[in-house]
Amino acid sequence: MTDLTTRSTTTRNETGGTKELRRSGTGDPGGKGRTTIADGVVAKIAAASAREVVGVHGLGTGMTRALGSVRDRVPAGRPGQTRGVSVEVGERQTAVDLDVVVEYGYPITDVVADMRVAVITAVERMTGLEVVEVNVAVGDVRLPDEPEEEPQDGPRVT
């Protein structure tokens with residue numbers, strides 16, 4: 001988890017005067033209190049933004065996805081929203097590690113670059129933390145004719 005403090009910036013307007021701007025999401029006004037952001041919050045933001053990138057099939061390595069698929073089928077289990085994501089959160093900075101599966105036909109370097117931009121933008125905008133690195137490990141490529149590994153909705157037996 002991390003604690004955030006208020007940060008402000010000074011800008012110069014058209015007439016040459018200065019104006020202090022308070023950045024949203026960077027702490028409580030006037031330093032009257034503390035905001036704590038859990039590691040899981042940063043991981044969920046990173047996972048959601050990574051999944052939105054075109055060419056990303058899913059997050060997690062083969063084994064992680066297989067175990068997660070079984071866990072998702074358990075009635076009391078929750079879908080693994082942060083499967084394939086690990087984060088390290090400090091006081092003002094965070095680092096993100098992602099394990100991804102890319103769709104066949106998409107340039108992996110482009111998908112990874114787009115993913116880094118999406119994750120950095122979302123995490124910094126929503127938390128106020130500086131993202132110092134986003135490490136991406138591409139563990140698989142999903143071919144068009146491969147069956148889905150995720151469970152389908154509905155009954156498993158008839």
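Everything below is about the structure shown above.
Residues numbered from 1 in each chain as written. Predicted model: local features only at pLDDT ≥ 70, side-chain atom pairs only at ≥ 80, totals over all residues. Heavy atoms only, no water.

1. Things to note about the pairing of strand β7 (residues 93–103)
The side chains of a regular strand alternate, residue by residue, between the two faces of the sheet.
Consideration 1: Relative to β7, strand β5 (residues 56–59) runs antiparallel, the two being bridged by 3 bridges. From the neighbouring strand, Val56 faces β7, where its bridge partner is Val102.
Consideration 2: One ladder, built from 5 bridges, connects strand β6 (residues 85–89) with β7; its direction is antiparallel. Note that in β7 the partner of Ser86 across the bridge is Asp97.
Consideration 3: As consecutive antiparallel partners, β6 and β7 are separated by 3 residues.
Consideration 4: For the crossover from β7 across helix α3 (residues 108–127) to strand β8 (residues 130–142), the handedness is right-handed. (Pairing = 2+ DSSP bridges. Helix = DSSP H or I, 4+ residues; strand = E, 2+ residues; numbered from the N terminus. Right-handed = clockwise from strand over helix to strand, strands pointing away.)

2. A closer look at a negative patch on the surface
Consideration 1: On the surface, Asp39, Glu88, Asp97 and Glu133 cluster together into a patch of negative charge.
Consideration 2: For Glu88, the position within the fold is in strand β6.
Consideration 3: A relative accessible area of 62% means that Glu88 is categorised as exposed. (Patch = residues over 30% accessible without salt bridge, like charges linked within 9 Å, V, L, I, M, F, W, Y side chains within 5 Å. Areas by Shrake-Rupley, 256 points an atom, 1.4 Å probe, with all protein chains shown as cover. Salt bridge = Lys/Arg side-chain N within 4 Å of Asp/Glu carboxyl O. Lys, Arg positive; Asp, Glu negative; His and termini not counted. Charge placed at Lys NZ, Arg CZ, Asp CG, Glu CD. Buried < 20%, exposed > 50% of the residue type's maximum accessible area, 1.4 Å probe, protein only.)

3. What to know about the environment of Glu124
Consideration 1: In this fold, Glu124 is placed in helix α3.
Consideration 2: In the structure, Glu124 is positioned 30 residues away from Thr94 in sequence and 9.3 Å away in space, judged by C-alpha atoms.
Consideration 3: Apart from residues no more than four positions distant in its own chain, Glu124 is found in contact with Leu129, Glu130 and Val131.
Consideration 4: Of the polar contacts made by the side chain of Glu124, one reaches the backbone nitrogen of Val131; its length is 3.0 Å. (Contact = heavy atoms within 4.5 Å. Polar contact = N/O pair within 3.5 Å; in protein donor to acceptor, adjacent residues only side chain to side chain.)

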